[in-house]
Amino acid sequence: MNGNDIISLGLGLEEPWKITGQTLNTDTAPHELRITLSSDRGSIFPCPECGALCKAHDFKEMTWRHLNFFQHHCYITAPVPRVNCKDHGVKRIKVPWARKGSKFTLLFEQAALMLVREMPVLAASRIMQIPDKKLWRIVSHYVSESLDKIDLSNVKAIGLDETASKRRHNYVTVFIDLNKKAKPVIFATPGKGKETICRFKKFLQHHGGKAAHILEVVCDMSKSFLAGVKEHFEKATVTIDWFHIVQTFTKAVNKVRLLESKKTSLPKATRWATLKNAESSLSKDEQKALAELERMDFFTGVAWRAKERLRWVRQAETVQAAKWRLSNFLLRMSYERLERSPVLQPLVEAVETIIRHRPAIEARWESNHSNARLEGLNSLFQAARARARGYRNPATFISMIYLIASPVGDMIKST
Ligand SMILES: [Zn+2]
């Protein structure tokens with residue numbers, strides 16, 4: 001086996017293609033290994049549509065970037081014919097070493113995708129020595145090709161949440177299959193409103209799923225999500241994700257603390273003490289702060305107590321217990337006379353949120369699905385953001401979410 005044979009094998013060359021030239025261009029930095037391929041005169045090629053063997057009509061010289069040869073960039077050049085098929089007319093043939101429209105060989109693209117699954121695209125683009133923009137184009141091609149084949153015919157319960165591709169910018173809504181433990185993402189789309197739910201429904205139907213089969217939707221308390229679910233998934237029970245309720249109260253505690261600190265000085269360590277749970281390890285200062293908040297009846301103490309009582313609701317083991325604890329929680333809130341000061345207004349709003357969404361909050365005790373699912377998405381979003389750093393917009397962010405958290409990643413691996 002000589003050097004040409006080895007390269008032919010690596011490229012998957014088959015008749016009538018063969019290597020007819022190699023030059024190393026040392027005028028460029030890095031140096032370029034240029035490999036020329038050609039076919040014998042009079043060779044026949046399959047029509048890209050039907051496979052019928054046809055004579056070449058004309059040729060066009062095309063070049064692809066191939067895997068680096070040690071430290072040298074490597075390019076492959078070949079005159080690619082168009083054939084004149086009697087059924088399909090004049091068509092450019094498919095070459096065995098690259099996909100249509102790509103300026104890279106299949107081996108180059110596979111190597112690039114292998115890296116992208118393990119590291120940020122920017123880092124992979126440096127190793128492959130191509131601009132990250134070009135690498136993103138390869139990634140998004142394979143992601144959308146695999147996504148086309150995704151099968152959603154068994155989806156019955158979904159969770160959805162929105163996140164920003166950058167801080168407070170360019171929202172993306174992500175849908176997960178609640179029955180899938182690993183790689184649960186099935187759809188991601190720009191925006192965070194009702195229209196994202198409409199888009200998901202279309203995607204679902206296009207991939208074998210049915211809106212009427214969706215019996216459960218877990219989401220946050222956003223009006224537009226709730227309205228969208230009601231309109232497009234009539235059969236679904238809506239469950240509010242507990243994580244979002246905790247978040248609502250954590251924010252309320254914080255707002256009350258800020259408002260109150262403008263009026264009076266709060267005990268030292270109040271901020272961290274009120275962010276933690278009662279059972280977590282508190283420093284001496286934090287314990288003192290909580291005791292003083294209680295003893296002196298600070299508004300911040302009221303808000304903190306509400307947050308802690310809510311955790312007690314969460315620990316209910318049956319739906320009956322949960323309903324009773326929730327009633328008890330609301331009764332206690334009414335004893336607190338929250339209307340006595342505008343400082344407590346953030347807490348009033350948090351409690352009203354609970355009242356407004358009570359059935360959807362209680363639904364979590366009847367749900368078969370772990371409610372930690374949406375919370376788990378946050379670390380996924382963070383990972384996707386990190387991988388897309390340097391060239392991040394909703395499109396690249398979405399590609400990365402699919403690549404690391406949907407079945408698409410494995411589908412690409414097996415191509
Ligand atoms: Zn044909």
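Residues numbered from 1 in each chain as written. Predicted model: local features only at pLDDT ≥ 70, side-chain atom pairs only at ≥ 80, totals over all residues.

Undergrad: Where do I start with the overall build of the protein in this structure?
TA: When helices and strands are counted, the protein shows 16 helices and 11 strands. Against the globule reference of 22 Å for 415 residues, the protein gives a C-alpha radius of gyration of 30 Å, more extended than a compact globule. For the protein, the C-alpha atoms occupy an extent of roughly 95 × 50 × 35 Å along the three principal directions. For the protein, the share of sequence-separated contacts (at least 6 apart) that also reach a separation of at least 24 residues comes to 55%. (Helix = DSSP H or I, 4+ residues; strand = E, 2+ residues; numbered from the N terminus. Rg over C-alpha atoms; globule rule 2.2 N^0.38 Å. Contact = placed C-beta atoms within 7 Å.)

Undergrad: Explain the domain arrangement of the protein to me, please; I cannot follow it from the model alone.
TA: Bring the parts together and some accessible area is lost; that lost area is often taken as the interface size. Assigned domains within the protein: domain 1 (3-145) and domain 2 (242-365). Inter-centroid distance (C-alpha atoms) of domain 1 to domain 2 is 62 Å. (Domains from an automatic or database assignment.)

Undergrad: It is not clear to me how helix α12 (residues 345-356) should be interpreted in this structure. Could you clarify?
TA: The periodicity of an α-helix, 3.6 residues per turn, causes residues three or four positions apart to be oriented the same way. For α12, which comprises 12 residues, the first-to-last C-alpha distance of 16 Å matches the rise-based estimate of 16 Å (1.5 Å per residue) to within 8%. Among the residues of α12, those classed as buried are Pro346, Leu347, Ala350, Val351 and Ile354. All buried residues of α12 fall inside an arc of 135° around its axis, so they share one side. Those residues of α12 that are exposed and angled more than 90 degrees off the buried face are Glu352 and Ile355. Tucked inside the fold, the buried residues of α12 contact α7 (242-263), α10 (299-314), α11 (319-335) and α13 (358-362). (Expected span 1.5 Å × (residues − 1). Buried ≥ 20, exposed ≤ 12 C-beta atoms within 10 Å, placed from the backbone. Arc of directions from axis to C-beta.)

Undergrad: Where do I start with the sheet that holds strand β7 (residues 157-166) in this structure?
TA: Hydrogen bonding along the main chain pairs the strands of a sheet, whether they run parallel or antiparallel. As summarised here, the arrangement of the 5 strands in space is β9-β8-β7-β10-β11, forming an open sheet in which the pairing is mixed. Among the strands making up the open sheet, the edge pair consists of β9 (185-190) and β11 (237-240). Recorded for the sheet is a direction-independent mean angle of 25° between the axes of neighbouring strands. Relative to β11, strand β10 (residues 216-219) runs parallel, the two sharing 4 bridges. Within β11, the residue paired with Glu216 across the bridge is Thr237. Taken strand by strand, helix α14 (residues 373-387) contacts β7, β8 (169-177) and β10, and its axis lies near 35° from that of β7. (Pairing = 2+ DSSP bridges. Axes fitted to C-alpha atoms, helices over the stretch in contact; angles between N-to-C directions.)

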